[in-house]
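The lines below spell out each chain.
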Amino acid sequence: VATSHNWTGLLVEPSPHVFEELQRRAPTTASPHVPVQAALCARSAPAVPFYAVSPAAAAGDDMPSWVTEIGSLRSDHARGHQGILGREIPVEQIEVECLGFEDLVSRHGGVMDVLVVDAEGADVDLLATLPLDRLRPRVIVFEAKHEISWGESEAVRPTKVMSLLASLREAG
């Protein structure tokens, strides 16, 4: 959809091997999508722990290919996928840069037509930090299904999602 409408965006991906795949799949160097290797966080930090499945570790273990796309800033969330396979998943800790929206905008500009956030449960908290005065995407896509309340009760989740939607609607 983004290509047919000539929309622009940033591809922010913390996992080095998934980032390499994104770069490999980029249609041309003239692509309107700029790949950025970093985690998207509420606040910037030079290095934060990121938990991911290494392709090398998963290759010899007869794992499905999607396993190497598992990654999270929370080790319990990354390891929580073990129940799906019924066995241990080789999760490794790596250090990645963490960029907040403010730094992302200052480094790469505020032009972004499409914003897709898949922050493994931190989507709503992350989007609450979106500087709508400088970054005005036409379309925002996020996942509320895995909204991990990060220490809050499950009753808070729908309220947070509705509050975010109301604030985005008010901002236009």
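For the structure given in this document, a descriptive report is provided here. Residue numbers run consecutively from 1 along every chain, following the written order of its sequence. Predicted model: local features are reported for residues with pLDDT of at least 70 only, side-chain atom pairs are reported and counted for 80 or more only, and whole-chain, interface and lining totals are derived from all residues. Side-chain descriptors were evaluated using all non-hydrogen atoms of the structure, hydrogens and water having been removed beforehand.

1. Regarding the environment of Glu143
Inference 1: Position of Glu143 relative to the elements: it lies in the loop between β8 (139–142) and α7 (156–171).
Inference 2: When the C-alpha atoms of Glu143 and Val117 are compared, they prove to be 7.2 Å apart, with 26 residues separating the residues in sequence.
Inference 3: For this analysis, residues touch if any pair of their heavy atoms sits within 4.5 Å. If we ignore the near neighbours within four places in the chain, the residues touching Glu143 are Val117, Asp118 and Asp123. Here a helix means four or more residues in a row that DSSP labels H or I, a strand means two or more in a row labelled E, and each is numbered from the N terminus.

2. Comments concerning the pairing of strand β6 (residues 91–99)
Inference 1: Here a strand pair is declared whenever DSSP counts at least two bridges between the two strands. As paired strands, strand β3 (residues 39–40) and β6 are joined by two bridges and run parallel to one another. Looking across to β6, one finds that Leu40 is bridged to Leu99.

3. Thoughts on the state of the cysteines
Inference 1: Throughout, a disulfide means two cysteine sulfur atoms within 2.5 Å of one another. Evaluation of the coordinates by the stated rule reveals one disulfide.
Inference 2: Through a disulfide, Cys41 is tied to Cys98; the S-S separation comes to 1.5 Å. When the S-S torsion is -120 degrees, as for the bridge of Cys41 with Cys98, the disulfide is left-handed. Residue Cys41 is found in the loop between β3 and β4 (45–53), and its partner Cys98 is found in strand β6; the two are separated by 57 residues along the sequence. For the pair Cys41 and Cys98, one class covers both residues: buried. Accessible area is worked out with a 1.4 Å probe on protein chains only. A residue is then buried under 20% of its type maximum, exposed over 50%, and partly exposed in between.

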